[in-house]
Amino acid sequence: MATTPRATSSAVHNQIMWNRLIAVVEEQALTLIRTAFSTSVREAGDLSAGVFDREGRMIAQAVTGTPGHVNTMAAAVGFFIEDIGPERIQPGDVYLTNDPWKGTGHLHDITVTTPVFRDEHLIGFFASTAHVVDIGGRGYGPDAREVYEEGLRIPIMKWVDRGELNRDLVTIVRSNVREADQVVGDIHGLAACNETGRRRLLEMLDEFELADLDALASFVFDRTRRATLGALEHVPKGTYTNEMTVDGYDEPVTLAVTLTVTDTGMHADFTGTSPLSPWGVNVPLTYAQAYFTYAMLVALAPELPNNFASLEPFTVSAPPGVILNAQDPDPVAVRHVLGHFVTDLCLGAIAEALPDVVPAEGSGALWNFQASARPIDPASGLPPVEMLMFNSGGTGARPTLDGLTATAFPSGVMTMSSEATEQVGPMIVWRKEIRENSGGLGRQRGGLGTIMEIGPAEGYLFEFSAMFDRVENPARGRHGGQDGEPGAVYLDDGTPFASKGRQTVPGDRRLILELPGGGGFGDPAERDAEATANDRRQGYVT
Amino acid sequence: MSHRGGLRIGADVGGTFTDIVLERADGGYESTKVLTTHAAPEQGILEGIESLVEVFDIDLADVDQIIHGTTLATNALIERRGARTALVTTHGFRDVIETRTEGRFEQYDLNIVLPTPLIERRDRFTVVERIGARGEVLRPYDEGSASDVIDALEAGGYNSVAVGFLHSYVSSEHERRFRDQLAARLPDISISISSEVSPQMREFERFNTVCANAYVQPLMASYLVRLRDELRTRGADCPLYLIHSGGGLMSVESAAAFPVRLVESGPAGGAIFAADLASRYGRDRVLSYDMGGTTAKIALIEDATPQTAKTFEVARTTRFKKGSGMPISIPVIEMIEIGAGGGSIASVDSLDQIRIGPRSAGSEPGPAAYARGGLEPTVTDANLQLGRLHPDTFGAENISLEPDRAAAAIREHVADRLDMTVDTAAIGIAEVVDENMTNAARVHAVENGKDLNGFTMVAFGGGAPLHATRLMDKLGLDEVFVPPGAGVGSAIGFLRAPFSYEAVRSFYTTTADFDFAGANQLLDELRTEAEAFVRQGTEAEVVVERQVSMRYKGQGWEIPVALEGGDFDEFAAEMITGVFTKAYEAFFGRAIDDVLIEAVSWSVRVSSVVEPPPRLEIIDDDAAGVAATSTPSRPMYDPTTGATTDAAIVERTSLEPGSAIAGPALIVEAQTTTVLGSRHQAIAQHDGSLRITNVSTDGGR
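Residues numbered from 1 in each chain as written. Chains lettered and ligands numbered in written order. Predicted model: local features only at pLDDT ≥ 70, side-chain atom pairs only at ≥ 80, totals over all residues.

**With respect to the overall build of chain A**
We apply this condition: Helix numbers and strand numbers start at the N terminus; a helix is a DSSP run of H or I with at least 4 residues, a strand a run of E with at least 2. We compute the radius of gyration from the C-alpha atoms alone; for a globule the expected value is 2.2 Å times N to the 0.38, where N is the number of residues. With C-beta atoms placed from the backbone, a residue counts as buried when 20 or more other C-beta atoms lie within 10 Å of its own, as exposed when 12 or fewer do, and as partly exposed for counts between those limits. Note on contacts: residues are paired as contacts if their backbone-placed C-beta atoms lie within 7 Å.
In terms of helices and strands, chain A carries eleven helices and 19 strands. For 542 residues, the compact-globule formula gives about 24 Å, and the C-alpha radius of gyration of chain A, at 24 Å, lands near that figure. Judged by the C-alpha coordinates and their principal axes, chain A covers about 75 × 65 × 50 Å. Looking at the 542 residues of chain A, the share that counts as buried comes to 60%. Put simply, of all contacts in chain A between residues at least 6 apart along the chain, 75% involve residues at least 24 apart.

Shown next as C-alpha cells:
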C-alpha cells in the first residue's frame, strides 16, 4: 500500500481525540459517583461532568442519569467566566456556586469549575455538579415561599485561590448546613474529580502533541452541528403545540408549549403555562430547557454526544410569571417534579409529526420521598434518621414496544434496595410489587407501576413530606391507547393521605403508595393475541 | 497428590472450540482444539482427549488430574435453556427480579428493551414470613402458606426451586425451614437457597443469583456426572475438578450444588494463565489482555493474584452495556469485556465517525476476507489491508484470506462514506478499535483505583498479538509478553489454579460501635465454610485471606480492604479506621475526616498453596545477539510513525531463546501474528515467550 502521511487521516485522528475526551469526562464522573455521600448522586446519577473550551463552550459531557443537567451545566461555565472575571482566572483556582439561575436550578446542586492552564495559557475548564445531602434552610422540600428559606446560596466564588483553600468559605458552608462533613466532603470530591480530568487532559495533549483544545473543539462542534441539523430535517418545518395538565402542588398545573421548527433549530415557547406557585415547585427556565432539549435529542438524534453544538439549536422562551420561568427569589427546591413533565409535554407536541417515534405519556415525575423517622417517645434515646427513597411508576408504551414497568423516564434514577434501605434506618418495606392492571391498554401496553407498603420500625413514626403527582391526572394514552392508572396514596387502615405536603405516619400504621402506570399506544383491539395472553398468564392484566 | 504418570489435562469448553491441553511431568505440554459439541459437551472433551492419547501415545491411567472449565452454565443462562424453575420469595416481594433497579441502562434510547427476568412472574410464589435487617423476626414463618406454595410447585411440575427471602444473609432460618418442608414433601426437586448460594445484601442481586443457580443446577449436575462416568469408563480414573469464576478449583460435588460458580470460568483461566507467566518473570503488576473473535477482555493482576469482585453481570443484551444483563453475586475474577474482536464489524455513524462492534461477524459468516458470505468490513479485514495479516501466513485451517474482498468491504462501508482511501479507512478501523480497548483498560484501572504506569502486558488469544504493541504505546507501558500457546491460554491457566473457595457474607457494623465479637464469629464461620470446600479437593497446606468491604457512612460504594493479623479486640475500630483510610487514599487521593466508617460485606478466601513456578531469567538486549532469520519482507502500516514501511517476516517456530527481532516486523505462527512497529523489538525467551520493549526510551507514547 502507499505511504499514508498523517495529514490524510486527520479526521480519524480527531475522532480518536474526541473519543478520548469523552473517556476523560466519563472518568471524571465515575470518580464523583464513587466518592459521593449524596444518595441521589450515587444511586440516581444526579451529577454531571464536562470539559469546556476557553470561552466556556462545552466540548464533551459524561452521560449521567440526569437530563436536567444537560443545558444547565453547559451554560454554567459562561457565568463563571463572567463573574470571576477573565483577569482573575489563575492556575490553581477552583470556583463554585449553587445559584439556581447560574447552576442547575436549585440550591442543592453545587457546581464546581476548575480552569486548565497549559504553559501558562488558559486552554479550558472542567466543571462538575452534584446534588449534596443538605444545604441548610428548611431542609429539602417544597415548603419555602422564597429561595432564601431554601438554604445557603453561594454566589460564584473562589473555593481555592491559586492553590490556597478559601477557609472562610469552608467555615460559612460548615456552619450553614446539616451534615457538614458530608457536604464539605462532596465539594472536595467535585474539585478532585475536576482535577482528575485536568491531569488526564494534559496527558492527552502531551500524547497528541497539541498546544490547546481549540482545533479539536472546532472539529467537534462542526461535526456535531452538521449531524444535529441533519437530524432536525426529520421534523417538517412548522409549528406544533401541546398541553398537559398535572396535579401540581395545591392546584392543577397546565403545561403548554408551542414548538417552532426552522432550518436552524427548534424553539419551545411555554406561553399558556400556569402561573407561578407560592411553593417551591417552580422551575427555572434553563431547567425546563434541559428537559425540552433532552426530549428532542432522544426522539431525533439519540446517538449524538452532548456538547455546545448539539444543544445550540434548541432554544426556549416563556413569559414572566409562569411556573416554568421562575425568577430569583422564587422558591425552586423541588423543581424536578414539574421539570420532568416537560419531556412528555414536548414529545407530545411532535407526536403527530413523528408517529413512529414518540411514546405515550408515562408516569413522568419520580415518586421520591423523604421520611423523617422520629422516636415516638422522645425519651427513648432512639436517634432521628432521615430516609430518602426513589421510586418510579411505568413509562408510556412505545410505537412498537410496551412501556417499561417501574422505570424512570425522563430521569435516569435508580431505586435503592429494600434491604439496604432497612440497614440504613428504621423503615420497613412491607411490600414492593408490580401493580397489576396499572398500565394503559393499547396495541402496546403502558408500563406498570408498583404498589408499595412502608412503615416505621418499632418505636418510630414518620414525618413524611409527600410530593406525588399523577394522582388526579393520569398519563394519557396515544393513538387510541388508554390512559394509565393514576396513582393513589393512603394509610393501611384506609385513612386518606394527601399526595402533597407534610403529614405523619403513626407508629402503628403503614403508608400505601400505588404508583401510576404509563399510557397505552394504539387501539387495544389491535394488540397481538399472544401478548394479551401473556399479560393474563403473568397477571399483568387480570 | 498421588503420582501415576504425572500427566495432567486441562479442558476448556468454549462457545466455538473445546481446547484440551495435556501437561507432562516436566511442564511441557501438547494441545488440541476440537469443535464444541453443544448437545453433549462431554463428547468434544472425550474426542479431544482421545486424539491426544493417540497422537502422543499415552495411557489415560497415567493422568493425575483433569481440570475442566466450561461456558455451559453461562450459555444456558444466555440461551435460556435451563430447568423448569420456580422462585419462592417473601410475601410482598414477588417481582424483585423483574423491577430490577428501576433504571435505564441507556439514557438516550427510547426503545430500550430491559432483560426479561430469568423466572417469569407466573413461576414466582410468595410465603408469608419476614425477617428484619438485624435478623429479628418481623413476621413469623407461616407453615400454612408455605404448604400452599408447595402444592402449587407440585401441581406446576417444577424441577428446580430457587428460594430467596428478605434479609436471609443475616438470618437463614426461614429459608432453611422452607427448604426442609419442601424437601420432605417433594424429595426429587432440586432446591437452591439464597443464604447458601450468595449470602450478600441487596435482594435483586441475591435473588437473581439463586435463580440462576437453580435454573442451571439440574443440567449441570447431570452433565458433570456424565462426564466423570465417561472419563472413568475410558480409563481416566483420576479426580476431576472444576474451575470456578474466582479462578480456583472446586470438586464435582460442589460444582453440582453451586453451578452458578462455574459462570465465567473460561475467562478466569485466561487471567490465571497471565498471572502465572507474570510470576515466572517476577512481574507483580500485570495487565492481562485477551482478544478473540468477538470480544476483548482485560484484567488486572497484582502480585500474581488477579483482581476479584463480588458481583458481575452475565448475558448482557445490549452492546455489553452495564445494566443490560443479569447480576450474579459470587466471587469472580474481575475483568472488563468489550465488543472488540477480530470479527467485530466496522461502520460509520451519523457523525461520520468510524464505529467498531459490538456486532461481530463471528466465524460465520466471518470477516469479508474469509469469502464465506461476510460483506461488512471487520477488524481482521483492516489488519489484512494494512499488511499485518497475509494470505500466505494466515494460520487458521481451511480459511484462505482474500484481500480483494476485504478492500471492497472497507471501501463500500467506510472509505466511500467518508471520502477516504481504503488504506486510510483501514487505519481508521484499526486505530478506533485500539483506542476502544485502550479506553476500556483505562476505565477498568480507574474503577479499581489503579494507575497503569509500570504495568506489564500479557497478550494472548488469537487477536491480541496483532494489537498489543499499539495498546502498549497508547497506554504508555514499557513491556509486553506474548506467551507461547496463546491460543489455548485458558486451558493452560486451569492447570495453574489452586484449590480455592471464597465465602462471602454481608454483615453490617460501624466504627461507632464496632461489633468485634460478631465480626470474629462471622470470619470464623466463613473460614470454616471455605475450608470445607477446599478440603473436598486437597489436603495441602492452605492460605487464608480475609477481606472486608467498607465505606464512609452515607456512601454507596465499598472499598475492599485486606485484613491482616488475628482476631479483633476492643481496639478494632481504630485499626479498621486506619486501614480503611489508607485504602481510601489509594483510590481517591484524599481521605475524609470525622465521618463514620461502615463495614458492609466480609469474605474469607481459603486456597491451597501452589508452589510458585520456577523463576525465568529474562534475556534482555545485552545477552541477546541471536539474529532471527526472516523471509522476504512485506509492506506494513506502522501507526507509531504513521507511515508504511517494509516489515520483516519471521516464523515464530524458527526462534531460539535469545533471538532478537527489530521492528518493523511480523512474527507469524499458526494461530496468530505478533506485530512490531518500528520502535519495538522482541526477544525470544527461554520458555518461548516473546518479550517486547521499546527500542528508544524517548518517552515515545
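**With respect to the sheet that holds strand 4 (residues 109-118) of chain A**
Residue and element names in this part refer to chain A. So the rule is basically this: By the convention used here, strands pair only if DSSP detects at least 2 bridges between them. Throughout, an axis means a line fitted to C-alpha atoms (over the contacting stretch in the case of helices), and angles, computed between N-to-C directions, take values from 0 to 180 degrees.
In spatial order, the strands read 2-1-5-4-3-6-7; together these seven strands make up an open sheet with antiparallel pairing. Two strands lie at the open edges of the sheet, namely strand 2 (58-61) and strand 7 (164-165), each paired on one side alone. Against the sheet, helix 1 (residues 10-35) contacts strand 1 (47-53), strand 2 and strand 5 (121-131), and its axis sits at roughly 145 degrees relative to strand 1.

**A look at the environment of Val220 of chain A**
Residue placement: Val220 of chain A occurs in helix 6 (residues 214-232). For Val220 of chain A, the contacting residues outside a window of four places in its chain are Trp18, Ile59 and Asn307 of chain A.

**A word on the nonpolar core**
Heads up, the rule is: Defined on buried residues, the nonpolar core groups Ala, Val, Leu, Ile, Met, Phe, Trp, Tyr and Cys residues joined through C-beta atoms within 7 Å.
Formed by 361 residues in total, the largest nonpolar core has its most connected members in Cys346 of chain A together with Cys211, Ile429 and Met457 of chain B. Setting aside residues no more than four positions away along its own chain, Cys211 of chain B makes contact with Thr85, Leu87, Ile97, Leu118, Ile119 and Ala162 of chain B.

**Brief notes about the confidence of the model for chain A**
Interpreting fine coordinate detail is not advised for predicted regions of low pLDDT. For clarity, the threshold we go by: Summary of the metric used: pLDDT quantifies the predictor's per-residue confidence within the range 0 to 100.
In the predicted model, chain A carries a mean pLDDT of 92, and the fraction of residues at 70 or more is 98%. Overall, residues 1-8 of chain A carries pLDDT values under 50, and its contacts beyond four positions in sequence, including any with other chains, amount to 20 contacts.

**Thoughts on the pairing of strand 3 (residues 29-35) of chain B**
Residue and element names in this part refer to chain B. Here seven bridges tie strand 2 (residues 17-23) to strand 3, and the two strands are oriented antiparallel to one another. Along strand 3, the bridge assignment pairs Val21 with Ser31. Counted between consecutive antiparallel strands, the loop separating strand 2 from strand 3 contains five residues, among which Gly27 sits at a positive phi close to 95 degrees.

**Side note on helix 7 (residues 285-300) of chain A**
So the rule is basically this: Take the residue count of a helix, subtract one, and multiply by 1.5 Å to get its expected span.
A rise of 1.5 Å per residue sets the reference length of helix 7 of chain A, with its 16 residues, at 22 Å; its end C-alpha atoms lie 22 Å apart and thus fit the reference within 8%. Within helix 7 of chain A, 15 of the 16 residues are buried, which leaves it mostly tucked inside the rest of the structure.

**Some remarks on the sheet that holds strand 11 (residues 314-317) of chain A**
Residue and element names in this part refer to chain A. Read across the sheet, four strands follow the order 8-9-10-11 without closing on themselves; strand pairing throughout is mixed. The sheet terminates laterally at strand 8 (238-246) and strand 11, the two strands that pair on one side only. The average angle at which neighbouring strand axes cross in this sheet is 20 degrees, direction not considered. Pairing geometry for strand 8 and strand 9 (residues 253-261), over nine bridges, is antiparallel. Each residue of the ladder has a partner; that of Thr239, found in strand 9, is Thr260. The strands touched by helix 7 are strand 10 (266-269) and strand 11; relative to strand 11, the strand with the most contacts, the crossing angle is about 140 degrees.

**Quick word on helix 2 (residues 72-79) of chain B**
Residues and elements named next belong to chain B. The set of residues buried in helix 2 consists of Leu72, Ala73, Thr74, Ala76 and Leu77. Turning to helix 2, the residues buried within the fold contact strand 1 (7-13), helix 1 (41-56), strand 4 (63-70), helix 7 (203-233), strand 17 (312-314) and strand 18 (326-328). Arg80 occupies a position one or two residues after helix 2 and carries a positive phi of about 55 degrees.

**As for the interface of chain B and chain A**
The accessible area lost on association of the parts is a frequent measure of interface size. Applicable threshold: Only Asp, Glu, Lys and Arg are considered charged in this grouping, and only Ala, Val, Leu, Ile, Met, Phe, Trp, Tyr, Cys and Pro are considered nonpolar; every other residue, Gly among them, is considered polar.
Of the residues lining the interface, 67 residues belong to chain B; the matching set on chain A comes to 75 residues. Of all the secondary structure elements, the ones that give two or more residues to the side of chain B that touches chain A are helix 3 (96-99), helix 7, helix 12 (422-447), strand 30 (631-638) and strand 31 (643-651) of chain B. By residue number, the principal contributor to the side of chain B that touches chain A is helix 12 of chain B, which donates twelve residues. The residue makeup of the side of chain B that touches chain A, split by class, is 26 nonpolar, 20 polar and 21 charged.

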